[in-house]
Amino acid sequence: MKNMVWSGTWVAERLGVELVGDERLTDLLGLALRRNPKRAHLLVSNVLGKHVPQLPSVVHGHGFALGRRVRDLLGTEEGRRAVVLGYAETATGLGHSVADGLGLATCLHSTRRPVEGVARAGGFEESHSHATSHLLLPEDPALLAGDGPLVLVDDEFSTGNTVMNTIRDLHQRYPRKRYVVVALVDMRSAADLGRLTEFGREIGARIDLVTAAAGTVRLPEGVLEKGQELVARHESAVPHRQAYGTVTRVELGWPRGLPDGGRHGFTPGHRAWLEHALPAMAARLAEAIPGGARRVLVLGFEELMYAPLRLARELEETVPAEVRYSTTTRSPVLAVDDPGYAIRSRIVFPAHDAPADGPGERYAYNVADAGFDAVVAVVDSVADTPELHAPGGLLDRLAAHTPHVLLAVVPSYVPAPPYAPERPAMLPEPLRGPAFSSYAPDEVGWLLQDLSDVTLEAPTEEREEAIQKGGAHYAESLPVEYQPSEQYQELFHAALESSAVRIAQAVGVVTESLLAERSPRPVLVSLARAGTPVGILMRRWAHHRHGLDLPHYAVSIVRGRGIDANALRYLADRHDPRDVVFVDGWTGKGAITRELADAIREFEESDGITGFDPEIAVLADPGSCVRTYGTREDFLIPSACLNSTVSGLISRTVLRADLVGPHDYHGAKFYRELAGADVSGAFLDAVSARFSEVEEAACAQAKELLAGDRTPTWEGWAAVERISEEYGIHDVNLVKPGVGETTRVLLRRVPWKILARSGAGADLDHVRLLAEQRGVPVEEVDGLPYTCVGLIHPQYTRGATGADGKAVAV
């Protein structure tokens, strides 16, 4: 039942302070007195989650709603370019929540904690605060240097001085055309109303204001002195009770590498990562909370507001108890146990994070005598010190007011120093379209050398004989590019139309999975060339869903020869190897998966560069060879139907000693002459056009996959070994499982026969057509683990084909 006494009555009656404006103001705000020589009164927010324990859904909901209004104001494109800046300590959680509502922008918050090794990108003063200096410490120095809108978030907008100090400091370094100021309440006096607009004209920028409610505080003359007298009269030492509750540490399982908040920047990718991890972390907390608990408080720690808020919000949905949320604070406020006063009780304890400005008191308000059956204290690891656990410390003080104290520690995120390779790289920049490939230059950079002017093609039969006799490696030449018939092209377009939705969902699933589990800011590295269209689609999904512009490269990997070591050296020079995610189209039996793992191990030994994760992310994993995938179904991916004309007009890669030296990238050709038949863009556009309709299902499926067991079973490899023996081939390299690999056999190699799962439908229409054109029998098999399997002609010689080039029986 709503308390009929306004929590500002006590101060209003004694000081003559009036709160006037929107009707909602008294719901949003109460009043208290602060021990501060600059301002007597304190506006106490009921929905911020700082001083007043509140339902986490209410706290997050207010910030989220403000973020939605900012998104409506800016529009999607401007929203993607925006940076949200929250003010420490009070508005760090609010700034994050606004960024959640905006949904497109990176969030940063100011901090009063210097971090060794992180350069200061700016700072400003908050004149009325008890602790005035703010630092800006983004991990990415370019974060504040963009020209997109800067969204500044504070709990209240009173005089505008703090905001103008911030903008003035940053505008001198990083001028931009637009700022948006966001606050729960606009409490400017009439004299201050025009200052923000005038300031915007002065610096030549537009400044908008978005608030939930507006009003002002009317202060009688001499209010500061009267307030100080009241504080002196009512201030009394807080009695220290004997602790009686138990203190238990709970291991959250916070994802390694996920920032604890926005002190150094928190991207949309980080947000997606956190969303996926929250259910498991909340489940661990719920398991530790006593079953009979009726009221639970999640208590954050000073600037650490957002992580505890999201944990509390998830816990609110998980346990039957009423869950509230608030945080500790540096701010000294008078406590008066009166229903008409906003701060009813105060817990005092010493600082426990070795603050830069020295030791001092810290506070938790409205926690004592509030009837909480359990308190979950959430701190970062910097604050998990002996002072936290000592007699008289925070945990001890909490245990005097609740029977159960749970401690959850979030790892303090410290940006890694920039990666510096041991030797300078002298490798060329990646090739890009339109000079190399028909893809747009921002879609992919090819870490290859252009061999377009070299004659590399050989007849398929000649290549096959040389490969199987050991006279040549398959990567030393290229097959003659298959030119599809009109009938085959019609099959491609029909397949694309029927499978675009399924592919779009698989793209969403694999991208959401890697953002959540592998890296929030991945560098996509596709294995050329089948992986390249998939990498571009994943990049497009990350931009569509999260506003991320991910770096994307294509590199060569050759079975039996490994990955291009020079490409790895380039990547290590430009990026943190830990952020690199290798991408491929699909798995067959898993040969490339094993090849990559071996190649990365050899590269680490030879170059001493570590951090590359050899696990591949794929669109389809019918062979059950990897953990990060969009689907394990074996279905038709139309990009497997064609060669270069669906892959940016790029050939498969070439590795030949007379063309590729020790300091060169592997080679490939750009078939400019096939531009009239190019469907590379059509394939990408058809799939990405379906992203919006599959977004919800893809995110739900990714969440379900991440919670399940995705351990590779390698059942595909076992099936291939069985088929190799059963058909007397005795060479797993001549067995190509799955729709994609079977298509490649028919386009590039000399096929012997095709095994098709009984009852396989339209997914095999193009396979049946190609098989018919090349005279290859299609044999239906019951219980085949793949939709189809292509068998390359064993012990091939050119005599195994007739004069017309078609296969003959052996």
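Keep in mind that this is a model prediction, so the values were computed, not measured.

Cut-offs applied
- Residues numbered from 1 in each chain as written.
- Predicted model: local features only at pLDDT ≥ 70, side-chain atom pairs only at ≥ 80, totals over all residues.
- Heavy atoms only, no water.
- Phe/Tyr/Trp six-rings, centres within 6.5 Å; stacked < 30°, edge-to-face > 60°.
- Helix = DSSP H or I, 4+ residues; strand = E, 2+ residues; numbered from the N terminus.
- Buried < 20%, exposed > 50% of the residue type's maximum accessible area, 1.4 Å probe, protein only.
- Lys NZ or Arg CZ within 6 Å of the ring centre and 35° of its normal.
- Right-handed = clockwise from strand over helix to strand, strands pointing away.
- Pairing = 2+ DSSP bridges.
- Axes fitted to C-alpha atoms, helices over the stretch in contact; angles between N-to-C directions.
- Contact = heavy atoms within 4.5 Å.
- Expected span 1.5 Å × (residues − 1).
- Bend = angle between axes of the 7 residues up to and from the residue.
- Lys, Arg positive; Asp, Glu negative; His and termini not counted.
- Salt bridge = Lys/Arg side-chain N within 4 Å of Asp/Glu carboxyl O.
- Parallel < 35°, antiparallel > 145°, perpendicular 65-115°, else oblique.
- Nonpolar A, V, L, I, M, F, W, Y, C, P; charged D, E, K, R; others polar.
- Polar contact = N/O pair within 3.5 Å; in protein donor to acceptor, adjacent residues only side chain to side chain.

A. Expanded view of the packing of aromatic side chains. Under the criterion given, the structure shown has ten aromatic pairs. Here tyrosine 439 and tryptophan 446 contribute two aromatic rings whose centre-to-centre distance is 6.3 Å and whose plane-to-plane angle is 10°, an arrangement assigned as stacked. Summarising the aromatic geometry, the rings of tyrosine 553 and tyrosine 570 are spaced 5.9 Å apart at their centres and angled 70° between planes, so their arrangement reads as edge-to-face. Linking tyrosine 553 in strand S23 (residues 552-558) with tyrosine 570 in helix H16 (residues 565-574), this pair joins segments that are 17 residues apart in sequence. Tyrosine 570 carries the same exposure label as tyrosine 553, and that label is buried. Joined through ring pairs, the aromatic side chains of Phe436, Tyr439, Trp446 and Phe670 make up one cluster. One residue, arginine 594, lies across the ring of tryptophan 714, its end atom 4.4 Å from the ring centre. Against the face of tryptophan 752 rests lysine 753, its NZ or CZ located 4.6 Å from the ring centre.

B. Representation of the pairing of strand S9 (residues 178-186) in the model. Among the nine residues that make up S9, nine are buried, leaving the element largely enclosed by the rest of the structure. Handedness of the crossover joining strand S8 (residues 150-157) and S9 through helix H6 (residues 161-173) is recorded here as right-handed. Pairing analysis gives eight bridges linking S9 to strand S10 (residues 206-218), with the strands arranged parallel. Opposite aspartate 186, over in S10, you have alanine 214 as the bridge partner.

C. Local environment of the sheet that holds strand S30 (residues 751-757). Pairing is mixed across the open sheet formed by four strands, whose spatial order is S29-S32-S30-S31. Every interior strand has two partners, whereas the edge strands, strand S29 (735-737) and strand S31 (778-781), have only one. Put simply, the sheet's adjacent strands are angled 20° from each other on average, direction ignored. Alignment of S30 against strand S32 (residues 788-792), held across five bridges, turns out to be antiparallel. Looking at the pairing, lysine 753 lines up with leucine 791 of S32. Of the strands in this sheet, S29, S30 and S32 are in contact with helix H20 (residues 715-726), which crosses S29 at around 140°.

D. Representation of helix H9 (residues 268-288). For H9, built from 21 residues, the straight-helix expectation of 30 Å at 1.5 Å per residue is met to within 8% by its first-to-last C-alpha distance of 30 Å. Along H9, the sharpest change in direction is near 40° and occurs at leucine 278; proline proline 279 comes one to four residues later.

E. Here's a closer look at unusual backbone geometry. With an omega dihedral of -5°, the bond running from alanine 88 to glutamate 89 counts as a cis peptide bond. Examined against the element boundaries, glutamate 89 turns out to sit in the loop between strand S4 (83-86) and helix H5 (92-102). In this structure, the amide linkage connecting glycine 433 to the following residue, proline 434, adopts the cis form with an omega of 0°. Following the sequence through the fold, proline 434 ends up in the loop between strand S17 (404-410) and strand S18 (445-446).

F. Structural view of helix H14 (residues 486-517). For H14, with 32 residues, the first-to-last C-alpha span of 43 Å sits near the 46 Å given by 1.5 Å per residue. A bend of about 55° at serine 499 is the largest found in H14.

G. Molecular detail of the side chain of aspartate 154. You can see aspartate 154 is positioned in strand S8. Buried charge without a partner: aspartate 154 forms no salt bridge, and the closest opposite charge is arginine 112, 8.7 Å away. Those residues in contact with aspartate 154 that sit more than four places away from it in its chain are Tyr87, Ala91, Leu94, Val182, Ala183 and Leu184.

H. Main features of the sheet that holds strand S5 (residues 106-109). Strand order in the open sheet made by the six strands is S1-S10-S9-S8-S4-S5, with mixed pairing throughout. On the outer flanks of this sheet lie strand S1 (18-21) and S5, each paired with one strand and no other. Strand-to-strand twist across the sheet, computed as the mean angle between neighbouring axes with direction ignored, equals 30°. Of the pairings in the sheet, the one linking S1 to S10 comprises four bridges and is antiparallel in character.

I. Seen up close, the packing of H14 against helix H15 (residues 531-546). One can describe the packing of H14 onto H15 by two numbers: an axis separation of 9 Å at closest approach and a directional angle of 75°. By the angle class used here, H14 and H15 are roughly perpendicular. Contact residues: H14 offers Ala504, Val507, Gly508, Val510, Thr511, Glu512, Leu514 and Leu515, while H15 offers Leu537, Met538, Trp541, Ala542, Arg545 and His546. Residues belonging to the contact of H14 with H15 are distributed by class as follows: nine nonpolar, three polar and two charged.

J. Spatial organisation of the environment of aspartate 442. Turning to its location among the elements, aspartate 442 is positioned in the loop between S17 and S18. Residue aspartate 442 is classed as partly exposed on the basis of its relative accessible area, which comes to 48%. When the C-alpha positions of aspartate 442 and valine 163 are compared, they lie 36 Å apart, and in sequence the two are 279 residues distant.

K. Representation of the environment of serine 345 within the structure. Tracing the backbone shows serine 345 in the loop between strand S13 (322-328) and strand S14 (346-350). Serine 345 sits in the buried class, given a relative accessible area of 10%. Measuring from C-alpha to C-alpha, the distance between serine 345 and valine 333 comes to 9.9 Å, with twelve residues separating the pair along the chain. Those residues within four positions of serine 345 in sequence are excluded, and the remaining contacts are Ala335, Ala364, Tyr365, Asn366, Val367 and Ala368. Separated by 3.0 Å, the side chain of serine 345 and the backbone oxygen of alanine 368 make a polar contact.

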